[in-house]
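Analysis of the macromolecular model
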Amino acid sequence: MPFIIAIDGPAASGKGTIARALSAHFGFHHLDTGLLYRATGAKGGDPVLAAQSLCADDLTGSGLRSAEAGQAASRIAAIPEVRAALVDFQHRFAAQEPGAVLDGRDIGTVICPHAQVKLYVVASDRVRAERRAAELGADPAEMLVQLQERDRRDSERAAAPLRPADDAVVLDTSTLSVDQAIALAIETVRKAR
Ligand code: C5P
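Model, not experiment: these values are computed from the prediction. (Residues numbered from 1 in each chain as written. Predicted model: local features only at pLDDT ≥ 70, side-chain atom pairs only at ≥ 80, totals over all residues. Heavy atoms only, no water.)

The parallel open sheet is built from five strands, whose spatial order is β2-β3-β1-β4-β5. Of all the strands in the sheet, just β2 (29-32) and β5 (169-172) have a single pairing partner and so form its edges. For this sheet, the mean angle separating the axes of adjacent strands, direction not counted, is 20°. Here strand β4 (residues 117-122) pairs with β5 via four bridges, running parallel. In the sheet register, V122 faces β5, and the bridge partner there is D172. Its contacts with the sheet place helix α1 (residues 15-26) against β1 (3-8), β2, β3 (99-104), β4 and β5, and it is angled at close to 175° to β3. Strands β1, β4 and β5 of the sheet are contacted by helix α9 (residues 178-192), whose axis makes an angle of about 160° with β4. (Pairing = 2+ DSSP bridges. Helix = DSSP H or I, 4+ residues; strand = E, 2+ residues; numbered from the N terminus. Axes fitted to C-alpha atoms, helices over the stretch in contact; angles between N-to-C directions. Contact = heavy atoms within 4.5 Å.)

And the structure:
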């Protein structure tokens, strides 16, 4: 049975960095599930049809990491039929041997509730805004407003809202270096293997 690591948390909490590091360390496949929603939003047109016809090529678009693509993603991610259309892809990805790391908002709660390890990665609003601003070359104050708006939408929606699974290990990266956060995550996975 493949080993599954589910990583959830709000935008710019560090979950992507931790997911990539865990996948490299343990030799597992990695899926950034936010890309599925970003690519769906970027296709335009009917979001349900866009999600149903999503293919691997759509995930490589150059503008997908922008703040605008993130906002568009969080709007269409609230539509239950969009989420339903993306479930199979995620389940198939998670079934790969020897294991998979999936990061997103609902991996531990909805997509892979039986994951052997669930991490819920958080960081203070200020730290997250500064990180995202540095990444995108944007203004931290503007990033803060955008992140808070996206978190609110992601947490308050009825379909698969952002929240920690009951059995998730919460990892607060606010005061941790990248290396410290990765070391803690590796330790958590090691204990569960
Ligand atoms: O993680 P990322 O910032 O790329 O996600 C973009 C948006 O996609 C999130 O704000 C959220 O609305 C949506 N998303 C989701 N469920 C996931 C991953 C992302 O609803 N598993």
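Alright, that's what it looks like, and here's the rest.
Relative to the assigned elements, T173 resides in the loop between β5 and α9. Take T173: its relative accessible area is 3%, and that puts it in the buried class. Here T173 is in contact with S13, I18, V121, V122, A123, R131 and A181, once residues within four sequence places are set aside. (Buried < 20%, exposed > 50% of the residue type's maximum accessible area, 1.4 Å probe, protein only.)

Next up on the list: the packing of helix α4 (residues 67-76) against helix α8 (residues 140-156). Each packed pair of helices is defined by two parameters, the angle between the axes and the distance between the axes. Contact geometry for α4 and α8: axes closest at 9 Å, N-to-C directions at 15°. For the element pair α4 / α8, the angle class is roughly parallel. Seen from above, α4 lies across α8 with left-handed handedness. Contact residues: α4 offers A67, G70, Q71, S74 and R75, while α8 offers M143, Q146, E149, R150, R153 and D154. Among the residues forming the contact of α4 with α8, the class breakdown is two nonpolar, four polar and five charged. (Parallel < 35°, antiparallel > 145°, perpendicular 65-115°, else oblique. Left-handed = near helix turned anticlockwise from the far one by under 90°. Nonpolar A, V, L, I, M, F, W, Y, C, P; charged D, E, K, R; others polar.)

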